Amino acid sequence: MALSDRPAERHRQVSVGFTDRVRGTRSWDAPAPVAGWTARDVVRHLVEWLPPFLAAGAGVQLPAGPSVDDDPVAAWQTHSDAVQSLLDDPTTADRRLSNPHLGELPLDRAIDRFYTSDVFMHTWDLARATGQDDRLDQDFCAQLLAGMQPMEEIIRSSGQYGPRVPVKDDSDPQTRLLGFIGRDPEWTP
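Notes on the structure in this doc start here. (Residues numbered from 1 in each chain as written. Predicted model: local features only at pLDDT ≥ 70, side-chain atom pairs only at ≥ 80, totals over all residues. Heavy atoms only, no water.)

### Quick word on the overall build of the protein chain
The helix and strand inventory of the protein chain stands at seven helices and two strands. Secondary structure elements of the protein chain, listed N to C terminal, follow the sequence α-α-α-β-β-α-α-α-α. Projected onto its principal axes, the C-alpha coordinates of the protein chain cover approximately 45 × 40 × 35 Å. Out of the 189 residues in the protein chain, the part that is buried amounts to 48%. For the protein chain, contacts bridging at least 24 residues in sequence account for 63% of all contacts bridging at least 6. Surface accessibility of the protein chain: about 9,600 Å² in total, with carbon and sulfur atoms responsible for 50%. (Helix = DSSP H or I, 4+ residues; strand = E, 2+ residues; numbered from the N terminus. Buried < 20%, exposed > 50% of the residue type's maximum accessible area, 1.4 Å probe, protein only. Contact = heavy atoms within 4.5 Å. Areas by Shrake-Rupley, 256 points an atom, 1.4 Å probe, with all protein chains shown as cover.)

Shown next, in the form of C-alpha cells:
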C-alpha cells in the first residue's frame, strides 16, 4: 500500500508500522543500529524530541505520557495518539510552526517533513534491533532520498546523521536511503 501524501494520513500509516514494531519488541535493551542506542532509545528519541520542537515553534503542548523507562509501549502509544489527534484537528492546517533554522511552515507539513519521516526511518532501526520485519515502503524511501540528497552538506553538518555508508549504485531505494543516513544496511545486533 502506497503511503499518502496528506500529513495526517501519512502519519497514521507510518505510525501503525512503528507501533507494530513497538508491540513486537521483546527486549528493550537490544542494541540498535544507532551507535550506543538500544531499542528503548529508539522509542525515547521519537517520544522526546518532538514535544519541545512543537512547543517552541508553534506553542503546542502535547500531553505527557508514561516514561519510556517505565513503559515504552504506553509511552509510544500516548505520544503517537497525541500527534495523530493534532494532525486530525481541522484547525492544525491553519497553524504555523516557526523555527530560526527552517523559517515558517504550515504546522502539519512541518510535522510530516521532520517527524513522520523520522518515525519512518527509525522503524527500520527498531525492526532490525528486535529481529522484526524491517521492510519499508520503497516509494517513500526513494522520495525521502531524493529530497535529502540536495541538502547533504546541511544534513551532515547537523550532527543528526552519520557518515554515508557506501552501497551499490543499483541497490533498492531502502538500501540507498539507509546508506545515505549513515546506517549499514547489513547491520545485525
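### A few points about the packing of helix α3 (residues 72-88) against helix α4 (residues 107-130)
Contact geometry of α3 with α4 gives a least axis separation of 11 Å together with a crossing angle of 150 degrees. With respect to α4, the element α3 is oriented roughly antiparallel. α3 and α4 meet at a crossing whose hand is left-handed. Seen from α3, the contacting residues are W76, H79, V83, L86 and L87; seen from α4, they are L107, D108, I111, Y115 and V119. (Axes fitted to C-alpha atoms, helices over the stretch in contact; angles between N-to-C directions. Parallel < 35°, antiparallel > 145°, perpendicular 65-115°, else oblique. Left-handed = near helix turned anticlockwise from the far one by under 90°.)

### Observations concerning helix α2 (residues 39-58)
Between its first and last C-alpha, α2 extends 30 Å over 20 residues, near the 28 Å set by a 1.5 Å rise per residue. α2 sits mainly inside the fold: 14 of its 20 residues count as buried. (Expected span 1.5 Å × (residues − 1).)

### A closer look at helix α7 (residues 173-180)
A large share of α7 lies buried, amounting to seven of its eight residues. Turning to α7, its buried residues are P173, Q174, T175, L177, L178, G179 and F180. If you follow the buried residues of α7, they end up packed against α4, α5 (138-148) and α6 (152-157). At the N-terminal end of α7, a side-chain oxygen is found 3.0 Å from the backbone nitrogen of Q174, two or three residues along, and the residue is D172. Looking one or two residues beyond α7, the residue adopting positive phi is G182, at roughly 95 degrees. (Polar contact = N/O pair within 3.5 Å; in protein donor to acceptor, adjacent residues only side chain to side chain.)

### Things to note about the pairing of strand β2 (residues 103-106)
Note: strand β1 (residues 96-99) against β2, four bridges, orientation antiparallel. In the strand pairing of β2, N99 is matched with G103. Linkage of β1 to β2, two consecutive antiparallel strands, is achieved through a turn of three residues. (Pairing = 2+ DSSP bridges.)

### Side note on the nonpolar core
By size, the foremost hydrophobic cluster in this structure holds 48 residues, and its most contacted members are F18, V43, L54, W76, F120 and L177. Examining the composition of this core, we find that 10 residues originate from one element, α4, more than from any other. (Core = buried A, V, L, I, M, F, W, Y, C linked by side-chain atoms within 4.5 Å.)

### Remarks on the pattern of salt bridges
Applying the stated criterion to the full structure yields 11 salt bridges. A salt bridge links R44 to D41; its shortest N-O distance comes to 3.4 Å. One end of the pair is R44 and the other is D41, both in helix α2 and three residues apart, which spans about a single turn. R156 is the salt-bridge partner of E152, the closest N and O atoms lying 3.2 Å from each other. In this pair, E152 and R156 are both assigned in helix α6, four residues apart and thus about one turn of the helix distant. Since its relative accessible area comes to 22%, R156 is described here as partly exposed. Three or more residues joined by partner-sharing salt bridges are found here, namely E9, R12 and D88. (Salt bridge = Lys/Arg side-chain N within 4 Å of Asp/Glu carboxyl O.)

Everything listed is a geometric property; what it means functionally is a separate question.
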